[in-house]
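Observations on chain architecture
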Protein chains: 2
Amino acid sequence: MSQPQQDKTAITPTRAQDFPEWYQQVVRAADLAENSDVRGCMVIKPWGYGIWENMQRSLDGMFKATGHKNAYFPLFIPLSYLAKEAQHVEGFAKECAVVTHHRLESDGQGGLRPAPGAQLTEPLIVRPTSETIIGASYAKWVQSWRDLPILINQWANVVRWEMRPRVFLRTTEFLWQEGHTAHETAQEALGETDLILGIYEKFAREWLALPVFTGEKSESERFPGAVKTLCIEAMVQDRKAIQAGTSHFLGQNFAHASGIKFQSREGREEHAWTTSWGVSTRLIGTLIMAHADDDGLVLPPRIAPSQIVIIPVTPKPETRDAVLAAAEQLAVELRAQTAFGEKISVEIDKRDIGGGTKTWEWIKKGVPIRVELGPRDLEKGSVAVARRDRGPKEKAFVPNAEFVGQAGAILEEMQAGLLVKAAAYRDANTVKIDTKEEFYAFFTAQNSGKPEIHGGFALAHWNGSREVEERIKDDLKVTIRCIPGGVSDEAGQCILTGEPSARRVVWAKSY
Amino acid sequence: MSQPQQDKTAITPTRAQDFPEWYQQVVRAADLAENSDVRGCMVIKPWGYGIWENMQRSLDGMFKATGHKNAYFPLFIPLSYLAKEAQHVEGFAKECAVVTHHRLESDGQGGLRPAPGAQLTEPLIVRPTSETIIGASYAKWVQSWRDLPILINQWANVVRWEMRPRVFLRTTEFLWQEGHTAHETAQEALGETDLILGIYEKFAREWLALPVFTGEKSESERFPGAVKTLCIEAMVQDRKAIQAGTSHFLGQNFAHASGIKFQSREGREEHAWTTSWGVSTRLIGTLIMAHADDDGLVLPPRIAPSQIVIIPVTPKPETRDAVLAAAEQLAVELRAQTAFGEKISVEIDKRDIGGGTKTWEWIKKGVPIRVELGPRDLEKGSVAVARRDRGPKEKAFVPNAEFVGQAGAILEEMQAGLLVKAAAYRDANTVKIDTKEEFYAFFTAQNSGKPEIHGGFALAHWNGSREVEERIKDDLKVTIRCIPGGVSDEAGQCILTGEPSARRVVWAKSY
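Residues numbered from 1 in each chain as written. Chains lettered and ligands numbered in written order. Predicted model: local features only at pLDDT ≥ 70, side-chain atom pairs only at ≥ 80, totals over all residues.

**Details of the overall build of chain A**
Secondary structure assignment for chain A yields 14 helices and 29 strands. Computed over its C-alpha atoms, the radius of gyration of chain A comes to 26 Å, within 12% of the 24 Å expected for a compact globule of 511 residues. Once the C-alpha set of chain A is aligned to its principal axes, its extents read approximately 80 × 65 × 55 Å. Counting all 511 residues of chain A, 50% fall into the buried class. (Helix = DSSP H or I, 4+ residues; strand = E, 2+ residues; numbered from the N terminus. Rg over C-alpha atoms; globule rule 2.2 N^0.38 Å. Buried ≥ 20, exposed ≤ 12 C-beta atoms within 10 Å, placed from the backbone.)

**Some points on helix H13 (residues 436-444) of chain B**
Residues and elements named next belong to chain B. Within H13 the residues assigned to the buried category are Phe439, Phe442 and Phe443. Buried residues of H13 fall within an arc of 85° about the axis and therefore sit on the same side. In this structure, the buried side of H13 is in contact with strand E24 (430-432), strand E25 (457-461) and helix H14 (466-476). (Arc of directions from axis to C-beta. Contact = placed C-beta atoms within 7 Å.)

**Remarks on the interface of chain B and chain A**
In this complex, chain B contributes 48 residues to the contact, which on the side of chain A involves 49 residues. Sort the elements by how many residues they give to the side of chain B that touches chain A and strand E5 (residues 98-101) of chain B lands first, with 4 residues. Among the residues making up the side of chain B that touches chain A, the classes are represented as 32 nonpolar, 8 polar and 8 charged. (Nonpolar A, V, L, I, M, F, W, Y, C, P; charged D, E, K, R; others polar.)

**With respect to the confidence of the model for chain A**
Of the residues in chain A, 96% reach a pLDDT of 70 or more, and the chain-wide mean stands at 94. The complex prediction reports pTM at 0.96, with the ipTM value standing at 0.95. (pLDDT = per-residue confidence, 0-100.)

**A look at the relation of the copies chain B and chain A**
Both copies of the chain are placed relative to one another by a rotation about an axis and a shift along it. With an RMSD of 0.0 Å, chain B superimposes on chain A once it is rotated by 180° and translated 0.0 Å along the axis. Seen this way, the second copy is the image of the first under a two-fold rotation axis. Relative to the rotation axis, the closest C-alpha in chain B is found at valine 99 of chain B, a distance of 2.1 Å. When the interface residues of chain B are mapped onto chain A, 98% of them are again interface residues, pointing to one common binding face. (Least-squares fit on C-alpha atoms with pLDDT ≥ 70 in both.)

**Focus: the pairing of strand E21 (residues 369-373) of chain B**
Residue and element names in this part refer to chain B. In terms of burial, E21 is a largely internal element, 5 of the 5 residues being buried. Of the two faces of E21, the one holding Ile369, Val371 and Leu373 and the one holding Arg370 and Glu372 are both buried throughout. Sheet topology places strand E17 (residues 308-312) next to E21; 5 bridges connect them, and they run parallel. Bridged to valine 309 within E21 is arginine 370. Strand direction decides the pairing type here: E21 and strand E22 (residues 382-387), joined by 4 bridges, are antiparallel. From the neighbouring strand, arginine 370 faces E22, where its bridge partner is alanine 386. (Pairing = 2+ DSSP bridges.)

**Topic: the nonpolar core**
In this structure, Val26 and Ala234 of chain A together with Val26 and Ala234 of chain B are the most contacted members of the largest nonpolar core, which totals 307 residues. Leaving out residues up to four positions away in the same chain, alanine 234 of chain A has contacts with Ala204, Leu210, Val212, Ile242, Ala244, Thr286 and Ala290 of chain A. (Core = buried A, V, L, I, M, F, W, Y, C linked by C-beta atoms within 7 Å.)

**Some points on the sheet that holds E25 of chain B**
All names here are of chain B. Strand order across the open sheet formed by 4 strands is E24-E25-E29-E26, with mixed pairing between neighbours. The outermost strands of the open sheet, each flanked by one partner alone, are E24 and strand E26 (479-482). This sheet shows a mean twist of 40° between the axes of neighbouring strands, independent of strand direction. When E26 meets strand E29 (residues 504-508), the two strands line up antiparallel, connected through 3 bridges. Residue pairing for E29: cysteine 482 is matched across the bridge by valine 506. (Axes fitted to C-alpha atoms, helices over the stretch in contact; angles between N-to-C directions.)

**Concerning the sheet that holds strand E21 (residues 369-373) of chain A**
Residue and element names in this part refer to chain A. Pairing is mixed in the open sheet, where 5 strands are placed in the order E20-E17-E21-E22-E23. Strands at the two margins of the open sheet, each flanked by one partner only, are strand E20 (346-348) and strand E23 (396-399). The average undirected angle you get between the axes of adjacent strands in this sheet is 30°. Where strand E22 (residues 382-387) meets E23, 4 bridges bridge the pair, whose relative direction is antiparallel. Bridge assignment links valine 383 to a residue of E23, and that residue is valine 398. Across the sheet, helix H9 (residues 317-335) touches strand E17 (308-312), E20 and E21, and the angle it forms with E17 is around 165°.

**What about the environment of serine 465 of chain B?**
By secondary structure assignment, the location of serine 465 of chain B is in the loop between E25 and H14. Considering only alpha carbons, one finds serine 465 of chain B and glycine 61 of chain B, 404 residues apart in sequence, at a separation of 40 Å.

**Considering unusual backbone geometry**
Each neighbour pair has its own omega, and for threonine 12 of chain A with proline 13 of chain A the value is -5°, a cis peptide bond. The omega torsion of the bond from leucine 148 of chain B to proline 149 of chain B falls at -5°, within 30 degrees of zero and hence cis. Tracing the chain through its elements places proline 149 of chain B in the loop between helix H5 (131-141) and strand E9 (150-159). Located in the positive-phi region is alanine 209 of chain B, a residue other than glycine, with phi close to 60°.

**Comments concerning the domain arrangement of chain A**
Domain annotation of chain A identifies domain 1 (19-291), domain 2 (306-412) and domain 3 (430-508). Here the C-alpha centre of domain 2 of chain A lies 39 Å away from the C-alpha centre of domain 1 of chain A. (Domains from an automatic or database assignment.)

**A look at the environment of isoleucine 472 of chain A**
Residues and elements named next belong to chain A. Take isoleucine 472: it is sitting in helix H14 (residues 466-476). A count of 23 C-beta atoms within 10 Å places isoleucine 472 in the buried class. Distance in space between the C-alpha atoms of isoleucine 472 and glutamate 318 is 69 Å, their sequence separation being 154 residues.

Below you can see the structure in the form of structure tokens.
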């Protein structure tokens, strides 16, 4: 986090002063979301929801291109379903919203109460995740190996009761997609888990401009009921990690719990191999913490609800119509251009408020390009172009046609620049560490006078034991974010025990 | 309902034999949805959800083109919010799912129970509709006339406890969109209500191939808390009406209940004027009952998840690869064509099952065009083309390139044909009736030996009183579906009382 260049920043406090509070202020200043009166539940406002719609659209396209289809399963899960998988219920029972009645009645004092006569025989759980309710359907749908694979995704809301809510990052209700697939063999299901991890990694890199570490979770961080959890982990600007997506190989655990059985090619009755995978509105929080600065949100152009905003400058009534007409014309020309293979999205801000206020609102909202267009620009045939990745007062005066022709390239350049910047930040804060002393210093040393010291990502050796994980978690609040697999494997000794280790794992404080 | 042309039908019973049961069998045969173990909650399967996705995409485009943006509000509503608007709570209290606990615990017998220590101080309602929770946000967002209008839509799930559920038509949980807008003046809000009604009417006509009556609901059929409810009403094949979408002018009722106040241009504090409007997955039920036949679903091409299915015929292993390659090539060529201004959607059914089974599955699913392609077609450079709006055995053998060139036009012709057919059916069963005797006979006469006599739409005069409505409802289960406004107004006498009437209203039995 470098110091802001200008004297005053649009967001108070700055990242350096108080990162958690800065985050809340960016969410507010960018008009993304707000807390509702229902504890832990957020209202996602149009600009925030527009980001989610773009995330949905791009991920949905990749899921469909790999043979998945969308479907929809019930919001409610019978209490007995949840209890079918022992680890699963252990993981979710403590945070379930429970529906016990299906009618209200007058309480005799002008208010309402759940009608005692309308108590449900079996309470219903508002889904915290849908493995068990979807499993009940798959058990009906699958009889033979010919019915496999089932490749289904669902876009839905889920509820996990949250005692310490934080907008986008930890909310009682959140939006997500959850893929649920069933396969003939373990190998096929593992292949699916990898395929989806690849989609998540590509999505993070190419749309969100976020480089991520990919790998497997240690047993203690696994999804409740999974055999193997793969994840993508991003670093944000306070150098903490955030889990941005997970892909689970569930083995036959849920197939046993739900009875998903099929007659194999050899005529035997077998249980299916299942997977599940998801990303949520938490990605919006990740995006904010990764790219926003002390003037507010900075949106990767590929995911911005509007890529360009045109701000008509209309100081005098007599030139107003001409300026608005020119703005409309410019929007039409820009919308005919493409960036990232799609039409550029353009908004005109015609509101009847001051130009300075408007400009700063759009800076805080993180719109990639702002274009000002006034009577004098009209005379000159030029526009004033400002980029969100440059200083707030930096403007280029460009002939109209030249800007239209370059707009797509500028957006693509900005997108690439954000990825380069995020990767440089992550790399600068990712270090190989080989001793316990160095490791503890990395996560505790007082450097730069910053109030919260989160170190960064430490690539260090581990003996594979839960004891070492727990000790480090207790001492430092640091956990294994993922165990990368593959090419860069390098043997060594566990930093705590000196025992042999096959590869370095990624350690960090996390959200 | 004409008799099916072939001797055996794919669906048993036929429409003529038992319309309600035929409906259930079509839903099953077309693989659209099924009941879940949670009473009243359905599982929407991929083919059914694909229809919903197309509905969403086209409506969403029209909402956005008219200045609306999407947002998302909490699933849960505090019990006290619901109570704020008297008529509203009256309308929904009896069908609310109530969340009372936020944690489960072991019941000591191997099961789970809601944890007594985790009972909520104020129970939460799972939203049956979101006027009150959205109103609470708008009250915060609106201070000045400059903050208006607010034009927001939400795609969401809602819950209304249903004692007699019926898939798509009446389910405890359903998916919908709900628009909620706030305006400076009554006139603006009324304009919004009309604008949306126009979008719904256009959507029904141009996408669903459904002609609808539009108009206002009588007071007794109004949305709880609305000042005025506009609706679109379609006729389905048992001649009953189905309300397919509603647009409500809420006056200042909800603004008063939620405190949505603003400083007017004149500096006075005023309450905003609000609207709400929605369509739901009930539209899928409407689509089925309007267009399906005794062989299963018939999909308007513009809303079909796949418009063309290619069925490769591979009798011998040695020609299999060539046939599959030709099918892929044909799909590529077809996908480059357009219908309704968009790329044609094509699916190849490569499953390793019999060709006859496949063909019938696709007939029952209602895919508009089936294309068979086998080794002999390859030799001839032709394909066998079957249309869902013709007999199941009718095939045209067409040179490959000719079919590719015509595909878009065929789909558009089929779409137009379905609308013509539905309009002819509706018109044939819509009659002007001027006497009580004729009216009662229309809705009760034993004609054609059909088990359920629903008459059709009766255009008849009404004195405007609730008493007449109630009497007719008690006698015949017939209600006013809508009061059309405008050009065709024609004065007359109420069929029951002889009192003067300004216009004919639309009467029918309904879903």
